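# Descriptive structure summary
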Amino acid sequence: MKRVFIGLALGIAMLAATSCTSTPEVYKGYDKTSTGAYMKFVERSGNGQSPRIGDGVSFEMAQYFNDSLLFTTAGDEPIDIILEQAAFVGDVADALQAMHVGDSAHVVILADSVFLTLGEPDAPEEYRGQPIRYHLKLLSIEPKEVLEAKRQRALDSLRAEERNYLEAVKADANNEVTASGLVVMGKAVKGKTARLGDYVDFDFMMMSKEGDTLMSSHNFESVLMQYGEDFVFQGFMEALGLTPQGSTMRFVVPSELGFDSVGYQGMFLPFDPIVLQLKMNEVMDKAAYDKKLQVREAEKESERLQLLAKEDEMIKRYLKENGIDSNPTESGLYIVREVEGTGSQAEWGDAVAVHYTMGNLKGETVESSYEIGEPMRFTIGRGEMLPCIEEAVMTMSPGARVLLVSPSELGFGEFSVHETLLPSYSPLVIEMELVAIE
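Residues numbered from 1 in each chain as written. Predicted model: local features only at pLDDT ≥ 70, side-chain atom pairs only at ≥ 80, totals over all residues. Heavy atoms only, no water.

## Some points on the overall build of the protein
Inclusion rule: In this text, helices come from DSSP runs of H or I with a minimum length of four residues, and strands from runs of E with a minimum of two, each type numbered from the N-terminal end. In this treatment the radius of gyration is a C-alpha quantity, and the globule benchmark scales as 2.2 Å times the residue count to the 0.38 power. Whether two residues touch is decided by their heavy atoms; if any such pair falls within 4.5 Å, the residues are in contact. Note on areas: Shrake-Rupley with a 1.4 Å probe; residue coverage comes only from the protein chains shown. Under this rule, positive means Lys or Arg and negative means Asp or Glu; His and the chain ends count for nothing. Where a charge lies is defined by one atom per residue type, namely NZ (Lys), CZ (Arg), CG (Asp) and CD (Glu).
Check the secondary structure of the protein and you find eight helices and 20 strands. By the compact-globule yardstick of 22 Å for 438 residues, the protein is too spread out, its C-alpha radius of gyration being 29 Å. Projected onto its principal axes, the C-alpha coordinates of the protein cover approximately 80 × 70 × 35 Å. Intrachain contacts of the protein at a sequence separation of at least 6 include 72% that bridge at least 24 residues. For the protein, the exposed area adds up to about 22700 Å²; of that, 49% sits on carbon and sulfur atoms. The positive charge centre, built from 39 side chains, and the negative charge centre, built from 69, are 5 Å apart in the protein.

Printed below as a string of structure tokens:
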């Protein structure tokens, strides 16, 4: 679901957008700094240097629209970021560059620019040309030279840690080392192995050197692919080609054959060796691969149909237990009208604001705009919202409230939002209010 104000509250992470045309009244009482930000200093310390691009900065922030507080660090940790180049003049990054440690200041930015950073070409009418105001207090600066030195020390430490680990693994007489440096744990197994042009069916586990499983196919399905296809990394392909059909083998992949000095999505750090376990289920030709793929697709379709049939029964039971006797729309959506609105109904192409609470048939709440504190805004017909919500809102006038019971095909379909609350093919129950047509 699209949450406008989550992005707005966290928009501090280097607002990047094309500059909007300035409105003099918006900036009245604010001075334009040499960095391009419109600011009003509350406290000036003049203490030391101002932050530069690439420096680490720590600061407190509060964000306001009119008299409403949108976001604050009060009572929480300050914001710690590495300062990046602003893509439009006058954003928070520019304001921070005009400050010294201990300074506090008010900053004003046009709301239009904030919404542009969220991918919204037009801000909602109430925000257009209006200011978003910030209060900033700069707590500390860590020069980029210091950050780089820390980063280099950390990398050197990780590199040394890997070197010591690999030396011990390679020294084990039970292991073999290939010409590339891949470590085969235990003796190589004989049997039919994949060659370029073959197709393979295999399972894998990637583990840390401490033995923690970080990535695995075992909770999903085995991998079907042509051997030699760019799958993960060089060491993976080499290990796959060494694992005979029907066998399970374990390898240690040095970082230079894995994710190198970059790491991967926080799971593997730079210079992390990977412990890789492979189970080769089958090595096959193209005809056998195509047949296996067809069987897998047929099984998925059968499972999908079973889940859909079960879903239909679940919806009927929910309707009966809750005394709902209304008929579904042509698409299968149940719309129970709780409060009628006033005025015209929303139409295709309208920008609307709605409040909602989304849950499952068990009555468990998954998400709510009330928790965010602002209604959800979207334009009907742009594909920004679930089909069930778009269909229902076009039957509503401002102020109307409805209860929706939606089949999964009008919701998240096969996508699993939450393993237990909203797995694949889950019907939805949504309480929704049309706040405004904007």
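## Some points on unusual backbone geometry
Defined as follows: Remark: exposure states derive from per-residue accessible area (1.4 Å probe, protein chains only) relative to the maximum for the residue type, with buried under 20%, exposed over 50%, and partly exposed in between.
Backbone geometry at Phe-271 places phi at a positive 60 degrees, although glycine is not the residue there. By secondary structure assignment, the location of Phe-271 is in the loop between β13 (248-253) and β14 (274-284). Classification of Phe-271 by relative accessible area gives buried; the value is 11%. The backbone of Tyr-425 sits at a positive phi, close to 55 degrees, despite the residue not being glycine. If you trace the backbone, Tyr-425 turns up in the loop between β19 (401-406) and β20 (428-437). The exposure class of Tyr-425 is buried, given its relative accessible area of 15%.

## Here we look at the environment of Met-61
If you trace the backbone, Met-61 turns up in strand β3 (residues 56-65). Sequence spacing of Met-61 and Leu-305 is 244 residues, and the spatial spacing of their C-alpha atoms is 51 Å.

## Some words on the environment of Val-177
Among the structural elements, Val-177 can be located in strand β8 (residues 176-177). Looking at Val-177, the relative accessible area reads 41%, which means it is partly exposed. Counting along the chain gives 66 residues from Val-177 to Thr-243, while the straight-line C-alpha distance between them is 15 Å.

## Quick word on the nonpolar core
Taken as a class, soluble globular proteins show a tendency for nonpolar side chains to be buried jointly. The test is simple: Take the buried Ala, Val, Leu, Ile, Met, Phe, Trp, Tyr and Cys residues and link them wherever side-chain atoms come within 4.5 Å; each set so joined is a nonpolar core.
Membership of the largest hydrophobic core comes to 28 residues, with the highest contact counts inside it found for Met-39, Phe-59, Leu-96, Tyr-134 and Leu-136. Sorting the residues of this core by element identifies β3, β4 (68-72), α2 (92-97), β6 (104-110), α3 (111-117) and β7 (131-142) as the ones contributing at least two each.

## A word on the environment of Val-283
Among the secondary structure elements, Val-283 is positioned in strand β14. With a relative accessible area of 3%, Val-283 lands in the buried category. Distance in space between the C-alpha atoms of Val-283 and Gly-246 is 9.1 Å, their sequence separation being 37 residues. Contact partners of Val-283, with chain neighbours within four places excluded, come to Lys-192, Thr-193, Ala-194, Asp-198, Tyr-199, Val-200 and Gln-245.

## Description of the confidence of the model for the protein
Basically, it comes down to this: The predictor reports its confidence for every residue as pLDDT, a score running from 0 up to 100.
Here the protein averages 88 in pLDDT, and 92% of its residues register 70 or above. Across residues 1-23 the pLDDT falls below 50, and counting only partners more than four positions away or on other chains, this stretch makes 68 contacts in the model.

## Focus: the pattern of salt bridges
Selection rule: Should a side-chain nitrogen of Lys or Arg be within 4 Å of a carboxyl oxygen of Asp or Glu, the pair is scored as a salt bridge.
All chains considered together, the criterion is met by 19 salt bridges. Among the salt bridges present, the one from Asp-156 reaches Arg-159, with a minimum N-O distance of 2.9 Å. Note that Asp-156 and Arg-159 are positioned in helix α4 (residues 144-171) at a spacing of three residues, about one turn of the helix. Exposure remark for Asp-156: the relative accessible area of 36% places this residue in the partly exposed category. One network of salt bridges, with partners in common, ties together Glu-161, Lys-209, Glu-210 and Asp-272.

## Regarding the pairing of β20
To be explicit about the condition: Only strands that DSSP links by at least two bridges are regarded as paired with each other.
With eight bridges connecting them, strand β16 (residues 351-359) and β20 associate as antiparallel partners. Following the sheet pairing, Ala-353 is matched in β20 by Ala-436. The sheet contact formed by β19 and β20 spans six bridges and is antiparallel. Bridged to Ser-406 within β20 is Leu-428.

## Notes on the packing of aromatic side chains
This is how the line gets drawn: Aromatic rings from Phe, Tyr and Trp, with only the six-membered ring used for Trp, were paired whenever their centres fell within 6.5 Å, and each pair was classed as stacked if the ring planes differed by under 30 degrees, edge-to-face if by over 60, and tilted otherwise.
Taken as a whole and assessed by the stated rule, the structure comprises eight aromatic pairs. Measuring from centroid to centroid gives 5.9 Å for Phe-202 and Phe-236, while their planes differ by 55 degrees, and the two rings are tilted. In this pair, Phe-202 sits in strand β10 (residues 199-207) while Phe-236 sits in helix α5 (residues 234-242), placing the two residues 34 residues apart along the sequence. Per residue, the accessibility class of Phe-202 equals that of Phe-236, and both read buried. Of the aromatic side chains, those joined through ring pairs into one cluster are Phe-202, Phe-204, Phe-233, Phe-236, Phe-259, Tyr-264 and Phe-268.

## As for the side chain of Glu-311
The topology assignment puts Glu-311 in helix α6 (residues 286-321). With residues up to four places along the chain from it excluded, the contact list for Glu-311 reads Pro-407, Ser-408, Tyr-425 and Pro-427.

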